[in-house]
Amino acid sequence: MKSKTVEAIIRQGIRSLIMSMTESYWPAVGDNDMSERNITAHVGHCFLESGWHLVTEVSFRKNAGSRLDMLALNRKFRAMVAIEGKRLESAVKAKELSDDAKRIIRFRLDEDNAWYCPGRANSYGVLLAFTWSPEVQRWWRSRTHSIVPDGCRGVGWKPLGRRLDDYKAICGALMLPGYGETDGKYNNFWALYAIFKQR
């Protein structure tokens with residue numbers, strides 16, 4: 001199975017979220033920001049529609065208190081996609097997303113709980129995120145991530161950039177409808193994704 005298959009499902013999920021936001025409701029009020037559960041729910045739904053099995057809040061084999069946001073499995077392709085989502089709004093969140101990528105790489109199915117085990121060649125990790133920042137969105141979509149996004153400070157950006165580059169992640173973004181009351185620089189809103197092979 002190719003990473004393009006995973007990317008097509010993710011992009012379909014983001015487009016589903018865009019449709020829900022433009023045709024029904026903006027899911028945050030006041031100073032609250034939209035939860036990353038919105039993107040994971042829509043992407044998860046599209047995995048299900050594409051014939052995958054899906055489970056959420058998946059425990060790690062050796063640390064049951066640590067969990068993945070979602071795990072998609074496909075028996076036909078003997079494939080697995082481990083998914084984590086975050087709002088990418090600060091260096092702290094960038095570091096958390098970097099740590100999530102590392103956790104995804106280390107994730108292994110508990111064979112006692114699995115009806116089949118996907119091959120390593122068909123195992124992927126996915127990071128999903130939101131950002132209001134055009135600088136972060138441009139950095140995310142760039143070929144390399146060694147330089148911190150313009151205007152961003154803090155230690156979390158470099159570890160995230162290293163992981164995206166070391167894991168040879170396919171990074172993309174789609175613009176979401178902005179919240180109507182937002183003026184100025186951050187009136188655009190992006191859904192970000194990164195896809196990488198699980199080692």
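Everything numeric in this text was worked out from a predicted model, so none of it was measured. Residue numbers here run from 1 along each chain, matching the order of that chain's written sequence. Predicted model: local features are reported for residues with pLDDT of at least 70 only, side-chain atom pairs are reported and counted for 80 or more only, and whole-chain, interface and lining totals are derived from all residues. Each side-chain value is worked out from all heavy atoms of the structure, with water and hydrogens disregarded.

Undergrad: Help me understand the environment of Ile9 in this model?
TA: Inspection of the secondary structure assignment puts Ile9 in helix α1 (residues 3–23). A residue is classified by how much of its surface remains accessible, and Ile9, at 5% relative accessible area, is buried. Ile9 sits 34 residues away from Val43 along the chain, and the two C-alpha atoms are 7.0 Å apart. Note on contacts: a residue pair is in contact if any heavy atoms of the two residues lie within 4.5 Å. When residues no more than four places from it in sequence are discounted, the contact partners of Ile9 are Val43, Cys46, Phe47, Ser50 and Trp52. Comment: elements are numbered from the N terminus, with helices defined as DSSP H or I runs of at least four residues and strands as E runs of at least two. Working definition: with a 1.4 Å probe on protein chains only, accessible area under 20% of the residue-type maximum means buried, over 50% means exposed, and in between means partly exposed.

Undergrad: Quick question: what am I supposed to make of helix α5 (residues 157–166) here?
TA: Since the α-helix turns once every 3.6 residues, residues separated by three or four places project in the same direction. Inspection of α5 places Trp157, Pro159, Leu160, Gly161 and Leu164 among the buried residues, and these make up the whole buried set. In the core, the buried residues of α5 are packed alongside α3 (91–106), β4 (123–131), α4 (134–141), β5 (170–176) and β6 (189–197). Of the residues one or two after α5, Lys168 is the one with positive phi, at around 55 degrees.

Undergrad: Can you help me understand the packing of α4 against α5 in this one?
TA: A pair of packed helices can be characterised by two numbers: the angle between their axes and the separation between those axes. Relative orientation of the contacting elements α4 and α5 amounts to 30 degrees, with a least axis distance of 11 Å. One finds that α4 runs roughly parallel with respect to α5. Across from Val136, Trp139 and Trp140 in α4, the residues of α5 making contact are Trp157, Leu160, Gly161 and Leu164. In this count, Pro and Cys sit with the nonpolar residues alongside Ala, Val, Leu, Ile, Met, Phe, Trp and Tyr, while Asp, Glu, Lys and Arg are called charged and the others, Gly among them, polar. Each residue belonging to the contact of α4 with α5 can be placed in one class, and the counts come to 6 nonpolar, 1 polar and no charged. Note on definitions: angles span 0 to 180 degrees between N-to-C directions of axes, and those axes are lines fitted to C-alpha atoms, for helices only across the stretch in contact. These descriptions rest on fixed angle ranges, namely under 35 degrees for roughly parallel, over 145 for roughly antiparallel, 65 to 115 for roughly perpendicular, and the rest for oblique.

Undergrad: Quick question: what am I supposed to make of the pattern of salt bridges here?
TA: A side chain of one charge can pair with a side chain of the opposite charge when the charged atoms of the two come close. We define a salt bridge as a contact between a side-chain nitrogen of Lys or Arg and a carboxyl oxygen of Asp or Glu at a distance within 4 Å. Scanning all chains against the criterion turns up 9 salt bridges. Its salt-bridge partner being Asp69, residue Arg37 comes within 3.5 Å of it at the nearest N-O pair. Of the two residues, Arg37 sits in helix α2 (residues 37–49) while Asp69 sits in strand β2 (residues 67–74), which places them 32 residues apart along the sequence. Exposure remark for Arg37: the relative accessible area of 38% places this residue in the partly exposed category. For Asp69, a relative accessible area of 9% corresponds to the buried category.

Undergrad: Explain the side chain of Asp69 here, please?
TA: A distance of 3.5 Å separates polar atoms of two side chains, one belonging to Asp69 and the other to Arg37. The residues contacting Asp69, other than those within four sequence positions of it, are Arg37, Val55, Thr56, Glu57, Ile83, Glu84 and Gly85. The definition of a polar contact used here is a pair of N or O atoms within 3.5 Å, where within protein one atom must be able to donate a hydrogen and the other to accept one, and adjacent residues in sequence count solely through side-chain atom pairs.

Undergrad: Looking at this structure, how should I read α3?
TA: A helix is expected to span 1.5 Å multiplied by its residue count minus one. Across its 16 residues, α3 extends 23 Å between first and last C-alpha, which sits within 8% of the 22 Å expected from 1.5 Å per residue. The elements touched by buried residues of α3 are β2, β3 (79–87), β4, α4, α5 and β6.

Don't take any of this as a statement about function, it's just geometry.
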